[in-house]
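So the chains spell out like this:
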Amino acid sequence: MAIKDRMSGNEAVAYAIKQINPDVMPAFPITPSTEIPQMVSNYIANGEIETEFIPVESEHSAMSATIGAEAAGARSLTATSSAGLALMWEELLLAASNRMPCVLALVNRTLSGPININCDHSDGMGARDTGWIQIYAENNQEAYDNFLQAYPIAEDPRVHLPVMICQDGFITSHAVENIELMEDAPVKEFVGEYCPEEYLLNPGKPVAVGPYSVSNYAMEARKNQADALLAAKKVILEVAEKYEKISGRKYGFFEEYRTEDADYIMLIIGSAAGTAKQAVDDLRDQGKKVGVLKLRVFRPFPADEIVEALKNCKAVAIMDRTESYNGNGGPLGSEVCAGLYRRKADVASVNYIYGLAGRDFTVNHVYDIFAELEDMVENGKEVEQFKYIGLRD
Amino acid sequence: MRTDVSKINEKTRHQDLTEGLMMFAGGTSKEFNTGEWRTNTPVVEWDKCRQCLLCAPVCPDSSIPVKDSKRLDFDYDHCKGCGICAAVCPFNAITMKEGK
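Residues numbered from 1 in each chain as written. Chains lettered and ligands numbered in written order. Predicted model: local features only at pLDDT ≥ 70, side-chain atom pairs only at ≥ 80, totals over all residues.

Asker: What is the right way to look at the overall build of chain A in this model?
Answerer: Within chain A, the secondary structure is distributed over 13 helices and 15 strands. Taking 21 Å as the expected radius of gyration for a compact globule of 393 residues, we find that chain A reaches 21 Å, a close match to that expectation. Overall size of chain A, expressed as C-alpha extent along the three principal axes, is 70 × 55 × 45 Å. For chain A, with 393 residues in total, the buried portion stands at 51%. Put simply, of all contacts in chain A between residues at least 6 apart along the chain, 81% involve residues at least 24 apart. (Helix = DSSP H or I, 4+ residues; strand = E, 2+ residues; numbered from the N terminus. Rg over C-alpha atoms; globule rule 2.2 N^0.38 Å. Buried ≥ 20, exposed ≤ 12 C-beta atoms within 10 Å, placed from the backbone. Contact = placed C-beta atoms within 7 Å.)

See below:
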């Protein structure tokens with residue numbers, strides 16, 4: 001029986017952690033993710049879970065301890081945001097290259113500067129090439145569902161890679177919405193016991209994790225790691241299918257919302273997809289053939305599948321909630337365009353930068369974007385290929 | 001996953017390496033001939049050596065093997081040619097030669 005409740009995104013993730021009852025959680029507080037370790041600490045203090053909580057002195061230590069605990073054989077996790085993730089930078093790469101199936105609850109917040117505590121994706125996108133699997137949520141329900149799927153993906157022997165479960169800071173993490181939770185028993189059965197094959201605290205079976213590698217080996221190790229990330233695509237879909245059977249909620253690499261006959265599609269990540277869907281409903285009522293493609297899995301990047309989903313539309317608005325400072329587009333814009341080009345898909349696109357540092361993104365912005373795409377395709381209007389929306393200019 | 005790492009070498013395909021290059025054995029550093037780094041080489045003049053054994057304990061790379069209270073020749077697979085043994089020898093029995 002599903003449990004109907006109302007929760008914020010942070011509460012939802014903390015509740016998922018409670019149901020999983022992981023072994024070790026080292027964490028350091030940072031807005032807006034602070035509530036997650038705080039709530040987990042409450043569960044521990046109340047005797048509801050047996051997780052060992054380590055109050056560390058920094059996020060650098062939080063990720064180091066998470067890796068250490070995971071290597072020792074414990075199911076481990078941490079939570080952070082923004083500068084906290086930036087301080088973990090070195091260890092993020094180690095977690096992935098040492099093939100540690102640990103989990104990080106990321107509550108997306110902008111990186112400084114100017115210093116600001118609100119949502120954008122500059123933290124998660126900054127870590128996009130660290131080798132982690134990255135799964136983004138639109139709302140509290142998805143944050144909960146994605147978190148429960150994290151360990152079955154990470155711990156699969158075909159993968160053995162860390163997973164980052166991302167939700168939008170404040171917009172999702174602090175807004176209280178309805179949610180459907182699962183009972184503890186099916187969650188425990190779905191996530192399962194953690195039984196690592198190789199781990200440090202294993203008497204008589206010595207193992208060295210993360211040894212120095214000379215040039216004759218390091219390149220081969222990277223290739224294996226890249227292959228594991230690619231192999232995760234199949235596992236992510238298998239886990240989603242298994243999860244659908246117990247929850248009734250369907251997940252894939254992305255959600256296609258009214259795209260089947262759409263001339264214009266907005267490709268977007270995270271909470272703003274809700275805004276885009278509302279605008280699409282409004283425009284559909286006016287007879288406009290528009291749709292939303294909400295990307296859930298950013299790493300591994302499902303380029304082929306995205307191209308397949310976009311190839312029949314006339315134009316796509318690729319939405320980036322971060323500035324890449326490369327003068328050539330945001331991360332999603334650049335990667336989708338590379339995918340379209342490589343597969344010779346003739347789809348016009350405009351890459352919009354929106355919602356930086358908590359800037360509101362409204363249905364009016366979405367109307368304007370679809371109108372601009374239509375003007376570009378139908379009337380040959382010249383549109384800048386990489387531009388800001390919602391900027392005073 | 002547990003593999004006989006002694007069968008892995010610089011010709012092994014990437015598919016056959018261990019996950020994350022995990023090592024499933026101890027003391028494997030001696031397999032690496034770090035003596036390749038050497039640019040100066042210590043040489044013993046055995047007629048001058050009194051087997052005082054002052055050199056063996058100061059070697060940072062344990063490259064002076066001792067057996068039955070007598071030092072043997074250098075382990076050139078691991079000696080880096082730092083010259084500490086030559087500096088510490090009271091009988092000038094060790095000289096540093098240029099090159100490997």
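Asker: Would you explain the sheet that holds strand 5 (residues 103–108) of chain A in this entry?
Answerer: Across a sheet, strands are paired by hydrogen bonds formed along the backbone, either parallel or antiparallel in direction. All names here are of chain A. Judged by pairing direction, the sheet is mixed, and its five strands sit side by side in the order 4-5-7-6-12 without closing on themselves. Looking at strand neighbours, the two that pair on one side only are strand 4 (77–80) and strand 12 (297–299), the edges of this open sheet. Across the sheet, the mean angle separating the axes of adjacent strands is 20° when strand polarity is ignored. (Pairing = 2+ DSSP bridges. Axes fitted to C-alpha atoms, helices over the stretch in contact; angles between N-to-C directions.)

Asker: I tried to follow the domain arrangement of chain A on my own but got confused; where do I start?
Answerer: Note on interface size: it is often stated as the accessible area lost on association of the parts. All names here are of chain A. Each assigned domain of chain A is listed with its residue range as follows: domain 1 (3–247) and domain 2 (254–388). Measuring from the centre of the C-alpha atoms in domain 1 to the corresponding centre in domain 2 gives 28 Å. Contacts between domain 1 and domain 2 engage 24 residues on the former and 20 residues on the latter. When contributions to the side of domain 1 that touches domain 2 are tallied by element, the ones reaching two or more residues are helix 6 (122–126), strand 6 (133–136) and helix 9 (215–247). In terms of residue count, the dominant contributor to the side of domain 1 that touches domain 2 is helix 9 (five residues). In terms of residue class, the side of domain 1 that touches domain 2 is built from eleven nonpolar, eight polar and five charged. (Domains from an automatic or database assignment. Nonpolar A, V, L, I, M, F, W, Y, C, P; charged D, E, K, R; others polar.)

Asker: Explain the sheet that holds strand 10 (residues 264–269) of chain A here, please?
Answerer: Residue and element names in this part refer to chain A. Strand order in the open sheet made by the six strands is 9-11-10-13-14-15, with mixed pairing throughout. The open sheet has two edge strands, strand 9 (254–257) and strand 15 (386–388), and neither has a second partner. For this sheet, the mean inter-axis angle between neighbouring strands, taken without regard to orientation, is 20°. With six bridges joining them, strand 13 (residues 315–320) and strand 14 (residues 348–353) adopt parallel strand pairing. Each residue of the ladder has a partner; that of A315, found in strand 14, is A348. In this fold helix 12 (residues 331–342) packs onto strand 10, strand 13, strand 14 and strand 15, with an angle of close to 145° to the strand it touches most, strand 13.

Asker: I tried to follow the environment of L87 of chain A on my own but got confused; where do I start?
Answerer: Inspection of the secondary structure puts L87 of chain A in helix 4 (residues 82–87). Sequence-distant contacts of L87 of chain A, that is, excluding residues within four places in its chain, are made with S58, E59 and H60 of chain A.

Asker: Just checking my understanding: could you explain the packing of helix 10 (residues 272–285) of chain A against helix 13 (residues 363–379) of chain A for this structure?
Answerer: Residue and element names in this part refer to chain A. At a closest axis distance of 8 Å, the pairing of helix 10 and helix 13 adopts a crossing angle of 60°. Regarding the angle of helix 10 to helix 13, the classification is oblique. Pair helix 10 / helix 13 crosses with right-handed handedness. Counted together, T275, A276, Q278, A279, D282 and L283 of helix 10 and V363, V366, Y367 and F370 of helix 13 form the full contact between these two elements. (Parallel < 35°, antiparallel > 145°, perpendicular 65-115°, else oblique. Left-handed = near helix turned anticlockwise from the far one by under 90°.)

Asker: Explain the interface of chain A and chain B to me, please; I cannot follow it from the model alone.
Answerer: Opposite the 19 residues of chain A that make contact, chain B presents 13 residues. Top contributing element to the side of chain A that touches chain B by residue count: helix 9 of chain A, with six residues.

Asker: How should I be thinking about unusual backbone geometry in this particular structure?
Answerer: Most of the time, phi is negative for any residue but glycine, and the peptide bond is trans. In this structure, the amide linkage connecting T31 of chain A to the following residue, P32 of chain A, adopts the cis form with an omega of 0°. As for its placement among the helices and strands, P32 of chain A is situated in the loop between strand 2 (24–27) and helix 2 (35–45). Even without a glycine there, the phi angle at A357 of chain A is positive, about 50°. Positive phi outside glycine occurs at L21 of chain B, with the angle close to 55°. Mapped onto the secondary structure, L21 of chain B falls in the segment before strand 1 (40–44). Among the residues examined, L21 of chain B registers 23 C-beta atoms within 10 Å and is labelled buried.

Asker: Even after reading the chapter, I still don't get the packing of helix 3 (residues 59–72) of chain A against helix 5 (residues 89–97) of chain A, so can you show me in this structure?
Answerer: The angle between the axes and the distance between the axes are what describe a pair of packed helices. All names here are of chain A. Helix 5 packs onto helix 3 with a crossing angle of 15° between their chain directions and a minimal axis gap of 8 Å. With respect to helix 5, the axis of helix 3 lies roughly parallel. Judged by the sense of rotation from one axis to the other, the crossing of helix 3 with helix 5 is left-handed. From helix 3, H60, M63, S64 and I67 reach across to helix 5, where they touch E91, L92, L94 and A95.

Asker: Would you mind going over the nonpolar core with me for this structure?
Answerer: Nonpolar side chains in soluble globular proteins tend to be buried together. Core analysis: the biggest nonpolar cluster contains 117 residues, and I165 and L267 of chain A have the highest contact counts within it. Ranked by residue count, the leading element in this core is helix 7 (residues 140–154) of chain A, at eight residues. Two domains each provide a minimum of three residues to this core, namely domain 1 (3–247) and domain 2 (254–388) of chain A. Ignoring anything within four residues of it in the chain, the contact list for L267 of chain A reads L293, L295, V316, A317, I318, M319, L332 and V336 of chain A. Of all hydrophobic cores here, the second largest spans eight residues; its members include C55, F74, C89 and I94 of chain B. (Core = buried A, V, L, I, M, F, W, Y, C linked by C-beta atoms within 7 Å.)

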